[in-house]
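Residue-level listing of the chains:
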Amino acid sequence: MFLIYLIIFGMTLRQTSSSNVTHQAQDNIAIGIVIVHEKEQPDIPTMVADAVKKVSAKFKGVSINEYYIPYDRERLQFGDDEQFCDALSQGVSILLDVTWIDSRYISSAAEEFGIPYFHIDLSIQTYVKLMESFLLARGGNDVVYILPTRQDVDATIYLLIADSYLRAIVFGELDEDTVVRIKNLRPYPSFYAVVADTMQMNAILHQAIDSGLVRKPEKWNLLFTDLQTDKYAHGDTFPEMHRLMLDRNACCILLRQLPACECPDSFDPTAVHLENALDIILGWSIDSVPTLSVRAINCTPELDQEEVARTSAGRKELLRQMALMAQFWIAQENDMIRPNLNLSIISTLTNQIIGSVTQGQSVLAGNETFQPSKRFFRVGTTESIPWAYRKRDSVGNILRNPITGEPIWEGYCIDFLHQLSIVMNFDYDLVSPRNGTFGQRDPDGRWDGLVGDLVTGEIDFAIASLKMTAEREEVVDFVAPYYEQTGILIAMRKPVRETSLFKFMTVLRLEVWLSILLAIVATAVMLWLLDKFSPYSAKNNKDAYPYECRNFTLKESFWFALTSFTPQGGGEAPKALSGRTLVAAYWLFVVLMLATFTANLAAFLTVERMQTPVQSLEQLSRQSRIKYTVVKDSDTHDYFRNMKNAEDVLYQMWRNLTLSSGNDQAQYRVWDYPIKEQYINILSAIESAEPVATAADGFRRVNEHLDADFAFIHDSAEIRYEISRNCNFTEVGEVFAEQPYGIAVQQGSHLQDELSYFILELQKERYFESLTAKFWNNSARSHCPNTDDSEGITLESLGGVFIATLVGLALAMITLLGEVIYYRRKERSRNFIKVVPFGNVDRPIERSDKRFALKEKSIAVVKQLLDLDTAPPPVKARGAGGPMKIGTKKEKPIPKEITIGSKFVSAAEKQQKLSYIAIMPRNPIH
């Protein structure tokens, strides 16, 4: 806020006792005019001279003498000015003041010598007054003026000092330094106002646009001081800018012509206004009263009080009459004669005239209304997820607004700020601190970050994850908290459990599995040996076991040892006592091993996932395996520093108390230190682990430690937000060191009560609950893989069992294929003989029948196999002769391996040619 104060020092004018007032003859009138102007107005003498020349032509017999005096504001009086005294010696009838401000020194000097005093505005001040009236109608309270020349800047400053209702700052000639100064203005101005002719306006706006000043076009207000507005170059580019243009009727009024007159291209409102004022004042001086000419020798006035009173009354009456004239604007609070410049208000939407500004009054046409101007605030914030953070693309680049080039912000506080801007009706810019983040105080007591920007006035208020602390409340004020309680929490990574389909195999170590395999092999071999050599086994004791019993061969012994590990059992046990003793011991071993494996498998699948390395901050401080850290110089870091300092101070106090030699301190002497040095150890561990620069770095380090041997201590709200978005994280323990979040404002700011009121209103509407649900939404964790296994054991843990079963099935199919191949090869190497029962021998054989005489053929084949004959007799047809005769062996007996009888006996073991021989009963088979 820029405040401009005017300090007026009083002074005592020197009064003299001599004056010489004379009246000139009416037929030969000489009028002396003293024109007082600013030193910075070198063009005034030329302008006044031209106007006097034009006006004097209307008055015959009148000679006008002009005295131009540059006003020296460093002097505290004007009556003793050398040039003024020289003019008085020649005679002065009128004193025209065209300076920028109504100087009491000039008016007092005129009153002292009884000279009629008139103050005429020939500067930019009238346009600035009209612009101010328009801005006040729009509800503005501060403005930045941008003017084309240094002279206009000085004139505007003098006006603002004497007569203005706006907080304002004035700039001229937009160079690089001016642009930087405007951008660094704090607070951000509500309006920008440019007063210039059309060509100057185009140049100023072009430079403002190129330098990035035109970020909010609706806040820019343009006043054109000429009638060449058709050459305005930025109307289509920024239609939101409000424009005030000279009405065509203003030209007719100043020229004292009827409306719809033709305005010349060289129309200059200021020059025409000067001519109008001189015409009225000179006419009054010549016609209304006897022409007054004040003379003074050595600047010593001699006043005729009656003449002075008459002149003063005439002057006031003249000003009253001029105030009623259309071409003049004379305000009641002062007697400055301004031109009556009617300005047309151009709509920002339709580009049509919606009203006018006349003599400091804004008048709208019909149902048109001014859109109320929104207040504008610079709001400070800093990055902290999820409260406020810059939006980034997939590769991490910051996204920017295509119009302003500023970063795009998101987060809880950004949504909250947007809602506040709606209910409180204001616009805002987000500002990040140049140094620091939230605010730290250096040893000299200076603050950086958001708190420092509030102290220096860089921002109007700060909205971020800013904790309300007593230290900060010493320099800033806090409003009602918008987030009731937040604290410190510990975040860790969920341990990555090794997922293996054969996880059940890891229950026992390799040496145990090898021992079990060795036990099976040893038991099978011992069982085979005991059954083979024991005289009481079923194999060696046929008398005791005449029925068929299980023969424990080596293969059968291995099968027994393997099946004993299943609930089905091993089957028939050995008969000998030695074998049964071995089996009993083996079965005891199997029971114990199965029970041990089952118990360890259940514990392995359940107990491991239920265990957490640490459960609280105290447990974290007592161990050394898990490292932990915080964000450097954050509130959490400060918390542990302060707690460590508190422990140090308490220790010193206790030591001084207990080691004192006084008798009263004996009651405090104990063997153990009564205060735990917890935070000393924690801070030491944090410093050894090196604090991280940002919270993102802390979460990244936690995520990199797959064995859950690293923890990150940070703000609880941010940790829970990250946990809701990352399946790998989990919180440890309870929240501690709770504090609320609040909006910070400057001390004594009028925004404190207003912000508190609207925050309470939003709480009634449950707005913060919906905002919390938006950013701390745990629905995303429903897509996380279930690593808890609380609802059952997953296939990843016991998939190997099914794989083993499938492998067994595959091996069975392979074995089956091998058996089939082996069987077919074996069958092809054997000679099978089909024997027809002898009962079919007597059946006659027809040639058309495909069957042979089976009886003869069978007998022949048997004889051949037994070497009874060298060749079988031929088979005769039915009816061709007598019965066939079977030859008998004469030399060779029937081998012992062959039994011909009613019972089948295998002879394939010793005689490979013969597979089976069967003597079938006489009953026919076919």
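All residue numbers refer to positions counted from 1 along the written sequence of the respective chain. Reporting of local features is limited, given that this is a predicted model, to residues whose pLDDT is at least 70; pairs of side-chain atoms are given and counted only at 80 or more, and all residues count toward the totals for whole chains, interfaces and linings. Side-chain descriptors were evaluated using all non-hydrogen atoms of the structure, hydrogens and water having been removed beforehand.

Here we come to the overall build of the protein. Counting from the N terminus, the helices are DSSP H or I runs at least four residues long and the strands are E runs at least two residues long. For the protein, the count of helices and strands is 24 helices and 27 strands. We call a residue buried when its accessible area falls under 20% of the maximum for its residue type, exposed when it is over 50%, and partly exposed in between, using a 1.4 Å probe and counting protein chains only. Out of the 926 residues belonging to the protein, those deemed buried represent 42%. Whether two residues are in contact is decided by their heavy atoms: any pair within 4.5 Å suffices. Long-range contacts, defined as pairs at least 24 residues apart, comprise 70% of the intrachain contacts of the protein with a sequence gap of at least 6.

Next up on the list: the state of the cysteines. By convention in this document, the label disulfide applies to cysteine sulfur atom pairs within 2.5 Å. Within the structure shown, the criterion is met by two disulfides. Covalently, C251 is tied to C263 through a disulfide, its sulfur atoms 2.0 Å apart. Separated by 12 residues along the polypeptide, C251 in helix 8 (residues 248-254) and C263 in the loop between helix 8 and helix 9 (269-288) bring together distant segments of the chain. The disulfide partner of C252 is C261, and the S-S distance across this bridge is 2.0 Å.

Moving on, we get to the nonpolar core. Buried Ala, Val, Leu, Ile, Met, Phe, Trp, Tyr and Cys residues that are joined via side-chain atoms within 4.5 Å together make up what is termed a nonpolar core. Counting residues in each nonpolar core, the largest one holds 39 residues, and the members touching the most others are M131, F134, L135, V143, Y145, L223 and L244. Per-element tally for this core: the top contributor is helix 4 (residues 125-137), with six residues. In contact with Y145, other than residues within four places in its own chain, are V128, M131, E132, T156, L160, L166, A168, I169, V170, F171 and A193. Residues M47, F59, I94 and W284 belong to the second largest nonpolar core, which totals 33 residues.

Before going further, it helps to examine the confidence of the model for the protein. pLDDT is a residue-level measure of predictor confidence that goes from 0 to 100. Averaged over every residue, the pLDDT of the protein is 79; residues scoring 70 or more account for 79%. With pLDDT under 50 throughout, residues 922-926 is counted as low confidence; its partners more than four residues away or in other chains account for seven contacts.

Turning our attention to unusual backbone geometry. Of note, the amide linkage connecting I385 to P386 takes the cis form, showing an omega dihedral of 5°. Looking at where P386 falls in the secondary structure, it is placed in the loop between strand 17 (375-380) and strand 18 (389-390). Positive phi is not limited to glycine here, since E173 has a value of about 55°. In this fold, E173 is placed in the loop between strand 7 (167-172) and helix 6 (176-183). Relative accessible area serves as the criterion here: at 51%, E173 is assigned to the exposed category.

Contact geometry of helix 4 with helix 5 (residues 150-162) gives a least axis separation of 9 Å together with a crossing angle of 55°. Judged by the angle between their axes, helix 4 and helix 5 are oblique. Seen from above, helix 4 lies across helix 5 with right-handed handedness. Counting all contacts with helix 4, which are made through Q125, V128, K129 and E132, the residues of helix 5 involved are A155, T156, Y158, L159 and L160. The class makeup of the residues in the contact of helix 4 with helix 5 is five nonpolar, two polar and two charged. A fitted line through C-alpha atoms serves as each axis, taken over the contacting stretch for helices, and the angle formed by two N-to-C directions is quoted from 0 to 180°. To sort the angles, those under 35 degrees are grouped as roughly parallel, those over 145 as roughly antiparallel, those from 65 to 115 as roughly perpendicular, and the leftovers as oblique. Less than a right angle of anticlockwise turn of the near helix away from the far helix marks a crossing as left-handed, whereas a clockwise turn marks it as right-handed. For this classification, the nonpolar set comprises Ala, Val, Leu, Ile, Met, Phe, Trp, Tyr, Cys and Pro, the charged set comprises Asp, Glu, Lys and Arg, and every other residue, Gly included, is treated as polar.

Looking now at the environment of S384. Mapping S384 onto the fold places it in the loop between strand 17 and strand 18. Once residues within four sequence positions are removed from consideration, S384 is found in contact with F438, S465 and E718.

Taken in spatial order, the eight strands of this open sheet run 7-6-8-9-10-14-15-16, and their pairing is mixed. Taken across any chain shown, the strands that pair with only one partner, and hence form the sheet edges, are strand 7 and strand 16 (361-364). The average undirected angle you get between the axes of adjacent strands in this sheet is 20°. At least two bridges found by DSSP between two strands are what make those strands a pair. When strand 6 (residues 142-147) meets strand 8 (residues 191-196), the two strands line up parallel, connected through four bridges. If you follow Y145 over to strand 8, its bridge partner there is A193. Packed onto the sheet, helix 5 meets strand 6 and strand 7 and runs at close to 170° relative to strand 7.

Because an α-helix completes one turn every 3.6 residues, residues spaced three or four positions apart along the sequence face the same direction. End to end, helix 5 covers 19 Å across 13 residues, agreeing with the expected 18 Å (1.5 Å per residue, within 8%). Within the span of helix 5, buried status applies to D152, V153, D154, A155, T156, L159 and L160. Buried residues in helix 5 make contact with helix 4, strand 6, strand 7 and strand 13 (336-339). The span expected for a helix works out to 1.5 Å for each residue beyond the first.

Our focus in this paragraph is a nonpolar patch on the surface. Here a patch means residues that are over 30% exposed by relative accessible area and free of salt bridges, tied together within 9 Å if like-charged and within 5 Å if nonpolar (Val, Leu, Ile, Met, Phe, Trp, Tyr). Computed with the Shrake-Rupley method and a 1.4 Å probe, the accessible areas treat only the protein chains shown as cover for residues. Here a salt bridge means any side-chain nitrogen of Lys or Arg lying within 4 Å of a carboxyl oxygen belonging to Asp or Glu. On the surface, L510, L514, L517, V521, V525, M526, L529, F533, L554 and F558 cluster together to form a nonpolar patch covering roughly 870 Å² of accessible area. For the nonpolar patch, the leading source of residues is helix 13 (residues 510-533), giving eight residues. Along the chain, L517 falls in helix 13.

This brings us to the pairing of strand 17. Judged by how many residues are buried, strand 17 sits mostly within the fold: five of six residues are covered. As paired strands, strand 17 and strand 21 (residues 461-462) are joined by two bridges and run parallel to one another. Bridging across to strand 21, G380 finds its partner in A462.

Turning next to a negative patch on the surface. Taken together, the side chains of E173, D175, E176 and D177 make up a negatively charged region of the molecular surface. Position of E176 relative to the elements: it lies in helix 6. Its relative accessible area of 69% is what places E176 among the exposed residues. In this count, Lys and Arg are taken as positive residues and Asp and Glu as negative ones, while His and the chain termini are left out. In plain terms, the charge of a residue is placed at NZ if it is Lys, CZ if Arg, CG if Asp and CD if Glu.

The subject of this paragraph is the pattern of salt bridges. Oppositely charged side chains are able to pair whenever their charged atoms sit close together. Across all of its chains, the model carries 30 salt bridges by this definition. Close ionic contact of E618 with R622 constitutes a salt bridge, the shortest N to O distance being 2.3 Å. On the criterion of helical spacing, the pair formed by E618 and R622 is a turn pair, its members being four residues apart in helix 16 (residues 617-622). Taking the relative accessible area as the measure of exposure, E618 reaches 29% and is therefore partly exposed. Residue classification places R622 among the exposed positions, given a relative accessible area of 61%.

A few words now on helix 2 (residues 82-90). Within helix 2, the full set of buried residues consists of F84, C85, A87 and L88. Burial along helix 2 is one-sided: seen end-on, the buried residues are contained in an arc of 160°. Of the residues flanking the end of helix 2, it is G91, one or two places downstream, whose phi is positive at about 110°. Our arc is simply the arc of the directions from the helix axis toward the C-beta atoms.

The strand order 24-25-23-26 describes an open sheet built from four strands, whose pairing is mixed. Each edge of the open sheet carries a strand with a single partner, namely strand 24 (627-629) and strand 26 (729-741). With direction set aside, neighbouring strand axes in the sheet form an average angle of 20°. Judged from the seven bridges that link them, strand 23 (residues 483-493) and strand 26 form a sheet pairing that is antiparallel. Among the inter-strand pairings, A491 is bridged to a residue of strand 26, identified as E731. Contacting strand 23, strand 24, strand 25 (710-715) and strand 26, helix 19 (residues 695-704) runs over the sheet at an angle of about 155° to strand 25.

This next bit is on the environment of G283. If you trace the backbone, G283 turns up in helix 9. Taking relative accessible area as the criterion, G283 reaches 12% and is therefore assigned buried. Note: C-alpha distance between G283 and K58 (225 residues apart in sequence) is 9.3 Å.

Here we come to the packing of aromatic side chains. Between rings of Phe, Tyr and Trp, where Trp is taken as its six-membered ring, a pair exists when centres lie within 6.5 Å; planes separated by under 30 degrees are stacked, by over 60 edge-to-face, and by other angles tilted. Tallied over the entire structure, the rule returns 38 aromatic pairs. Relative to F758, the ring of Y757 lies with its centre 5.2 Å away and its plane at 80°, an arrangement referred to as edge-to-face. Grouped by ring-pair contacts, the aromatic residues W387, Y412, F416, Y482, Y483, Y721, Y741, Y767, F768, F775 and W776 constitute a single cluster. Note on criteria: charge over ring means Lys NZ or Arg CZ within 6 Å of the ring centre, with the direction from the centre no more than 35 degrees off the ring normal. Over the ring of F118 we find R315, and its NZ or CZ is 5.9 Å from the ring centre.

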